[in-house]
Amino acid sequence: MVPEKELKIGVALTQPEDWTAAAFVKNIERSGAQAVPLNLAQLSASLSSASCSVSDARSQPVDIDALIIRDVGISFALEQISFKFDLIRQLEAVVPVMNTSAAIQNAANKFYSFVLFQRAQLPIPRTQVTAELNVALNAIGAWGSAIVKPIFGSQGKGIVMLSEEEPNVSSNLEGLFKERGVLYIQEFVPNPGRDIRVFVVGEEALGAIYRVSLQGSVVSNLSQGGRPVPCALTGEIRSLAVRATKAVGADFAGVDLIEGEDGLLLLEVNGTPSGRGINQACGIDVTERIVASLFAQLL
Ligand SMILES: Nc1ncnc2c1ncn2[C@@H]1O[C@H](COP(=O)(O)OP(=O)(O)O)[C@@H](O)[C@H]1O
Ligand SMILES: [Mg+2]
């Protein structure tokens, strides 16, 4: 009898010691497949009229049956980040990839993801994206206080709170325009000093945590000192998180919600989320479910 070929599952990662990256590798191996760690920054592409092939850092062809993206890695050059996503696109033409390049890009883009959320009739805070100082000042004037975020940001970095009462709001905005060109300005949602991170795989919300902000901080990200606390899943949380995941086209996601005075609002969807916080707080290993859903596609 010919033994069945061992499945090889690529894991795009940059830090093998990262909890989520290591958990993907462990769960792939527990399923009897071989995990193939790949750093997208180290891949090369060879093209000719006859073929298009992708090779790894040792110039060996990337030989995988499926690919899970833990993280794409940081790139400061536009061409490098574009090449990484195009490598994922090329691999998508050949094998199943989770999440797809389109889903990760939709989710990472805080403007375009909000367009998708709005179309899907999901509740979002009022948001103004502009390169015009007057437009920015009018929005902040109408809302009282606002949060300015990078369009492509993560981990609560680069987030600034502005209030119409500040005497130097105009010069602060000018400084930000100089740095970023265009500003993503969102009404500040008064909240109980925490947000909700929900983990979704496929059509199911697996669990959620509150992330309690450090005293005096407007961001609740764990990397900014936020503390993970278990959060019970309600029907509303489940439904919003699953619909938001679907809106960006993701197979799995970490969805951020905030408890506004009039109900839950969606802040963002993360297409390459960390599974560590929810594992610490609730004992749930989301990577196990992601790997299982990939195998369900393959077999
Ligand atoms: N409109 C808002 N009102 C109040 N707090 C906000 C708002 N937007 C973001 N925050 C806080 O900032 C954190 C980071 O914002 P988020 O949009 O999730 O960006 P990031 O990609 O950096 O995580 C949120 O988890 C929340 O605590
Ligand atoms: Mg977030």
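Computed from a predicted structure; not experimentally measured.

Hey, could you run me through the site of ligand 1 in this one?
Ligand 1 sits among 23 residues. The nearest are Lys 110, Lys 149, Gly 156, Asp 195 and Asn 221. Separating an oxygen atom of ligand 1 from a side-chain N or O atom of Ser 220 is a distance of 2.8 Å. Note that an oxygen atom of ligand 1 is positioned 2.8 Å from one of the side-chain N or O atoms of Glu 268. Burial of ligand 1 by the surrounding chains reaches 98%, relative to a free accessible area of 540 Å². When each cavity is represented as a set of grid points, ligand 1 is found to reside in the second largest pocket. Tallied by class, the residues present in the shell around ligand 1 amount to 8 nonpolar, 8 polar and 7 charged.

Please explain the coordination of the magnesium ion (ligand 2) as it appears in this structure.
Angles at a metal have ideal values that depend on geometry: 109.5 degrees with four tetrahedral donors, 90 or 180 degrees with six octahedral donors. On the protein side, the magnesium ion (ligand 2) has Asp 256 (OD) and Glu 268 (OE) as donor atoms, found 1.9 to 2.1 Å from it. On the criterion of sequence distance, the pair formed by Asp 256 in strand S14 (residues 252–260) and Glu 268 in strand S15 (residues 263–270) is long-range, its members being 12 residues apart. Side by side, Asp 256 and Glu 268 carry an identical accessibility label, which is buried.

Hey, could you run me through the environment of Val 212 in this one?
Summarising the element assignment, Val 212 is placed in strand S12 (residues 204–212). Separated by 16 residues in sequence, Val 212 and Ile 196 have C-alpha atoms that sit 8.9 Å apart.

When you look at unusual backbone geometry in this model, what are you seeing that I'm missing?
Note: most peptide bonds trans; most residues except glycine with negative phi. For the bond running from Met 98 to Asn 99, omega is -20°, close enough to zero to count as cis. The phi angle at Ser 59 is positive, at roughly 65°, despite the residue not being glycine. Residue placement: Ser 59 occurs in the loop between strand S4 (52–55) and strand S5 (66–69). Owing to a relative accessible area of 58%, Ser 59 belongs among the exposed residues under this scheme. A positive phi is found at Gln 155, a non-glycine position, where the angle reads about 60°. Note on placement: Gln 155 falls in the loop between strand S8 (145–149) and strand S9 (160–163).

So what exactly am I meant to see when it comes to the environment of Leu 40 here?
When you line up the elements, Leu 40 lands in the loop between strand S2 (34–38) and strand S3 (44–47). C-alpha separation for the pair Leu 40 and Tyr 184, spaced 144 residues apart in sequence, amounts to 29 Å. Ignoring anything within four residues of it in the chain, the contact list for Leu 40 reads Ala 12, Val 72, Lys 84, Leu 87 and Ile 88.

Where do I start with the packing of helix H1 (residues 19–30) against helix H9 (residues 286–298) in this structure?
A pair of packed helices can be characterised by two numbers: the angle between their axes and the separation between those axes. Taken N-terminus to C-terminus, the directions of H1 and H9 make an angle of 45°; their axes are 9 Å apart at the nearest point. The angle between H1 and H9 places the two elements in the oblique class. Taken as a pair, H1 and H9 cross one another with a handedness that is right-handed. Between H1 and H9, the residues in contact are Trp 19, Thr 20, Ala 23, Phe 24, Asn 27 and Ile 28 and Thr 287, Glu 288, Ile 290 and Val 291, respectively. Grouping the constituent residues of the contact of H1 with H9 by class yields 6 nonpolar, 3 polar and 1 charged.

Any chance you could explain the domain arrangement of the chain here in plain terms?
Interface size is often expressed as the accessible area that is lost when the parts come together. Parsing the chain into structural domains produces domain 1 (8–105), domain 2 (127–187) and domain 3 (190–294). Centre-to-centre separation of domain 1 and domain 3, based on C-alpha positions: 25 Å. Taken residue by residue, the interface counts 21 residues in domain 1 and 19 residues in domain 3. Carbon and sulfur atoms make up 65% of the surface buried where domain 1 meets domain 3, a total of about 1700 Å² over both sides. Considering only the surface of domain 1 that becomes buried against domain 3, Trp 19, Met 98 and Asn 99 emerge as the three largest contributors, covering 40% of it. Our count for the contact surface shared by domain 1 and domain 3 stands at 0 salt bridges. Where domain 1 meets domain 3, there are 9 residue pairs in polar contact (both at pLDDT 80 or more). Among the secondary structure elements, those contributing two or more residues to the side of domain 1 that touches domain 3 are H1, S5, strand S6 (97–98) and helix H3 (101–108). In terms of residue count, H1 provides more of the side of domain 1 that touches domain 3 than any other element does, 7 residues in total.

Parameters and conventions
Residues numbered from 1 in each chain as written. Chains lettered and ligands numbered in written order. Predicted model: local features only at pLDDT ≥ 70, side-chain atom pairs only at ≥ 80, totals over all residues. Heavy atoms only, no water. Near = heavy atom within 4 Å. Polar contact = N/O pair within 3.5 Å; in protein donor to acceptor, adjacent residues only side chain to side chain. Areas by Shrake-Rupley, 256 points an atom, 1.4 Å probe, with all protein chains shown as cover. 1 Å grid on protein atoms, 1.4 Å probe; cavity = no way out; pocket = protein on both sides within 12 Å on 5 of 7 lines; lining within 4 Å. Sits in = over half its atoms within 2 Å of the grid points. Nonpolar A, V, L, I, M, F, W, Y, C, P; charged D, E, K, R; others polar. Donors = N, O, S within 2.8 Å, 3.2 Å for Na, K, Ca; no water. Helix = DSSP H or I, 4+ residues; strand = E, 2+ residues; numbered from the N terminus. Buried < 20%, exposed > 50% of the residue type's maximum accessible area, 1.4 Å probe, protein only. Contact = heavy atoms within 4.5 Å. Axes fitted to C-alpha atoms, helices over the stretch in contact; angles between N-to-C directions. Parallel < 35°, antiparallel > 145°, perpendicular 65-115°, else oblique. Left-handed = near helix turned anticlockwise from the far one by under 90°. Domains from an automatic or database assignment. Buried area = accessible area lost by both parts, 1.4 Å probe. Salt bridge = Lys/Arg side-chain N within 4 Å of Asp/Glu carboxyl O.

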